[in-house]
Amino acid sequence: MHNTVKNLIYIEELIKSKVNHDESAKVIAVSKTFPIENVLPLIEHGHLHYGENKVQEALEKWTNIKNENHNIQLHLIGRLQTNKVKFALKIFDYIHSLDSEKLANKIADEQQKHKKKPKIFIQVNMGNEDQKSGIDKRNLNDFYKFCKNLNLDIIGTMCIPPNDGYTEKYFSEMSDINKELNFKELSMGMSGDYLEAIRYNATYVRVGSKIFGNRT
């Protein structure tokens, strides 16, 4: 068995041991920057959820494979520029980084043209960090209404908490906000903190280095 598959199975078993309900969180194998050869063992194993940061890289890497395997679900976990939306809709099933009205309008426009509705997470800037994208949590309710009026398929929220030692506090708060909006899905947690995210009801965790190893 390939090491990446062993790593994935270990992570999935660890997650199952931490949740008290039947539905375990889905692991998005973050394959950004790794060549498709590194990902093939996971595809052959039957894993379905993969994460990429860049639209162009995803198109080059995944177009043929997704044409052959329609069950594979590709997640855009990086920032999406408005000029890349029409290309993103060709390849991605999920967008985790909706962060502005301008981007929401562009997605609404393009999904009508392409007759394809991606599942979307609103990115929330939980620490109000200038260097990070995301909607201010105080404006989230209004932004969600704005997106619903555009007929976007908003399924949940996503956050990357500040690196200030209070990760669980932000996860807990994000979980409460998500519940208040009646979202079923919550995208948070990466290789270093996915188990904490699971504790606070994350339904999708983004794991890269713990599966594929360190990026060069």
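Numbering of residues starts from 1 in every chain and runs along the sequence as written. pLDDT decides what is reported in this predicted model: residues at 70 or higher carry local features, side-chain atom pairs at 80 or more are listed and counted, and totals for whole chains, interfaces and linings draw on all residues regardless. The side-chain values count all of the structure's non-hydrogen atoms but skip hydrogen atoms and water molecules.

## Description of the overall build of the chain
Alright, step 1. Strands are runs of DSSP state E lasting at least two residues, helices are runs of H or I lasting at least four, and both sets are numbered from the N terminus onward. Secondary structure summary: the chain contains 9 helices and 8 strands in total.
Alright, step 2. The size measure is the radius of gyration over C-alpha atoms, and the globule rule it meets is 2.2 Å times the number of residues to the 0.38 power. Its C-alpha radius of gyration of 17 Å places the chain within 12% of the 17 Å reference for a compact globule of 216 residues.
Alright, step 3. Dimensions of the chain along its principal axes, counting C-alpha atoms only, are 50 × 40 × 35 Å.
Alright, step 4. Accessibility here uses a 1.4 Å probe with only protein chains present; expressed as a share of the type maximum, an area under 20% marks a residue as buried, one over 50% as exposed, and anything in between as partly exposed. Buried positions account for 49% of the 216 residues belonging to the chain.
Alright, step 5. Here, two residues are considered to be in contact whenever any of their heavy atoms come within 4.5 Å of each other. If you take every contact in the chain between residues at least 6 apart in sequence, the share linking residues at least 24 apart comes to 59%.
Alright, step 6. Here, Shrake-Rupley sampling with a 1.4 Å probe gives the accessible areas, and only protein chains in the shown set may cover a residue. A total of about 11200 Å² of accessible surface is found on the chain, and carbon and sulfur atoms cover 44% of it.
Alright, step 7. The sign given to each residue is positive for Lys and Arg and negative for Asp and Glu; His and the chain ends receive no count. Working definition for charges: the position is that of NZ of Lys, CZ of Arg, CG of Asp or CD of Glu. Here the chain contributes 31 positively and 28 negatively charged side chains, and the mean placements of these two sets differ by 3 Å.

## Here we look at the nonpolar core
Alright, step 1. Definition of nonpolar core: a set of buried residues of the types Ala, Val, Leu, Ile, Met, Phe, Trp, Tyr and Cys, connected through side-chain atoms within 4.5 Å. Counting residues in each nonpolar core, the largest one holds 62 residues, and the members touching the most others are Trp62 and Leu98.
Alright, step 2. The dominant element in this core, judged by the number of residues it contributes, is helix H3 (residues 55-68), at 5 residues.
Alright, step 3. Residues within four places of leucine 98 in sequence aside, it is in contact with Leu103, Ala104, Ile107, Ile120, Phe121, Ile122, Gln123, Phe143, Cys147, Leu152 and Ile154.
Alright, step 4. Listed in part, the 6 residues of the second largest apolar core include Ile28, Tyr94, Phe121 and Met158.

## Here's the deal with the pattern of salt bridges
Alright, step 1. Put simply, a salt bridge is a Lys or Arg side-chain nitrogen that is within 4 Å of an Asp or Glu carboxyl oxygen. Considering all chains together, one arrives at 10 salt bridges under this definition.
Alright, step 2. Notably, a salt bridge pairs glutamate 52 with lysine 61, separated by 2.9 Å at the nearest N-O pair.
Alright, step 3. When its relative accessible area of 0% is taken as the criterion, glutamate 52 is described as buried.
Alright, step 4. The salt bridge partner of glutamate 168 is arginine 199, with a shortest N-O separation of 3.1 Å. Here glutamate 168, found in helix H7 (residues 167-180), pairs with arginine 199, found in helix H8 (residues 194-199); they are 31 residues apart in sequence, far enough to count as distant.
Alright, step 5. Bridged by salt links that share partners, the residues Lys106, Asp109, Glu110 and Lys113 form one connected network.

## Overview of the pairing of strand S4 (residues 94-98)
Alright, step 1. Across the 5 residues that make up S4, a large majority, 5, are buried.
Alright, step 2. Whether two strands pair comes down to DSSP finding at least two bridges between them. Examined bridge by bridge, strand S3 (residues 73-76) and S4 share 2 bridges and lie parallel to one another. Each residue of the ladder has a partner; that of histidine 75, found in S4, is tyrosine 94.
Alright, step 3. Handedness of the crossover joining S3 and S4 through helix H4 (residues 85-91): right-handed.
Alright, step 4. Of the strand pairs in this sheet, S4 and strand S5 (residues 119-123) are connected by 3 bridges, and their pairing is parallel. Residue pairing across strands places isoleucine 95 opposite isoleucine 120, the latter belonging to S5.
Alright, step 5. Taken together, S4, helix H5 (residues 101-114) and S5 constitute a β-α-β crossover, and its handedness is right-handed. Handedness rule for crossovers: strands pointing away from the viewer, path from the first strand over the helix to the second running clockwise, crossover right-handed.

## Observations concerning the side chain of serine 97
Alright, step 1. Counting through the fold element by element, serine 97 comes out in strand S4.
Alright, step 2. Residue serine 97 is classed as buried on the basis of its relative accessible area, which comes to 1%.
Alright, step 3. A polar contact is formed between the side chain of serine 97 and the backbone oxygen of glycine 78, at a distance of 2.6 Å.
Alright, step 4. Once residues lying within four places of it in the same chain are set aside, the contact partners of serine 97 are Leu76, Gly78, Arg79, Leu80, Leu103, Phe121 and Gln123. Within 3.5 Å is the distance limit for a polar contact, defined as a pair of N or O atoms, with the added protein rule that one can donate a hydrogen and the other accept it, and that residues adjacent in sequence qualify only through two side-chain atoms.

## Side note on the pairing of strand S2 (residues 49-52)
Alright, step 1. Neither face of S2 is left uncovered, since the one carrying His49 and Gly51 and the one carrying Tyr50 and Glu52 both have all their residues buried.
Alright, step 2. Traced from S2 through H3 to S3, the parallel crossover comes out right-handed.

## Overview of the side chain of asparagine 125
Alright, step 1. Examined against the element boundaries, asparagine 125 turns out to sit in the loop between S5 and helix H6 (140-149).
Alright, step 2. By relative accessible area, asparagine 125 is classed as buried at 7%.
Alright, step 3. Excluding residues that lie within four positions of it along the chain, asparagine 125 makes contacts with Lys132, Ser133, Gly134 and Ile135.

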